[in-house]
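For reference, the chains in residue letters:
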Amino acid sequence: MDHDSGREIGDTESASPRYDREIREERQSVRGALRTDLPAAHLGLAVTIIALLVVAGFSGIRWPLIISAAFAAWFLLAMAVIHIGSGRGWDAVRRAYVATFGWGNWI
């Protein structure tokens, strides 16, 4: 009976590196799918500006200001989180900009 217990422990130890490798590969593929960069953020900003102009044309200035305030709040929240995570200077601004408008990658 002790022999079987040893085999189970050995099986889980040999499965652990394989499991870790598969999890690492899965996470890399998810990161690759979600990765974005400055050109995508620029596209997201351009689409946002165009959409705000269209909304302003139909409904006046009130809703574009509300939507702009929401984007500004999101940007400031991203800046605060990045600052807490030791991001400094222009790198922190760039990362917050990408966090705010990086969805342009999926257009």
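Rules and cut-offs
- Residues numbered from 1 in each chain as written.
- Predicted model: local features only at pLDDT ≥ 70, side-chain atom pairs only at ≥ 80, totals over all residues.
- Heavy atoms only, no water.
- Helix = DSSP H or I, 4+ residues; strand = E, 2+ residues; numbered from the N terminus.
- Buried < 20%, exposed > 50% of the residue type's maximum accessible area, 1.4 Å probe, protein only.
- Contact = heavy atoms within 4.5 Å.
- Areas by Shrake-Rupley, 256 points an atom, 1.4 Å probe, with all protein chains shown as cover.
- Expected span 1.5 Å × (residues − 1).
- Arc of directions from axis to C-beta.
- Salt bridge = Lys/Arg side-chain N within 4 Å of Asp/Glu carboxyl O.

The helix and strand tally for the chain stands at four helices and zero strands. The order of α-helices and β-strands along the chain, N terminus first, is α-α-α-α. For the chain, the proportion of its 107 residues judged to be buried stands at 16%. A sequence separation of at least 24 residues applies to 65% of the contacts in the chain between residues at least 6 apart. Split by element, the accessible area of the chain, about 8200 Å² in all, is 66% carbon and sulfur.

It is worth spelling out helix α2 (residues 38-59) at this point. Taking 1.5 Å of rise per residue, the 22 residues of α2 would be expected to cover 32 Å, and the 31 Å separating its terminal C-alpha atoms lies within 8% of that figure. Buried residues of α2: A40, A41, G44, T48 and L52, and no others. One side of α2 holds all its buried residues, which, seen down the axis, span an arc of 115 degrees. Turned more than 90 degrees away from the buried face of α2, the exposed residues are P39, I50, L53 and G57.

Take the pattern of salt bridges next. Opposite charge on two side chains permits them to pair, given that their charged atoms come into close proximity. In the structure shown here, the tally under the stated rule is two salt bridges. In this structure, the salt-bridge partner of D91 is R94, at a minimum N-O distance of 2.9 Å. One end of the pair is D91 and the other is R94, both in helix α4 (residues 89-101) and three residues apart, which spans about a single turn. The salt bridge partner of D91 is R95, with a shortest N-O separation of 3.7 Å. Taken together, the residues span about one helical turn, with D91 and R95 both in helix α4 at a distance of four residues. Overall, the relative accessible area of 36% leaves R95 in the partly exposed class.

Remember, this is a structural readout, not a statement about activity or role.
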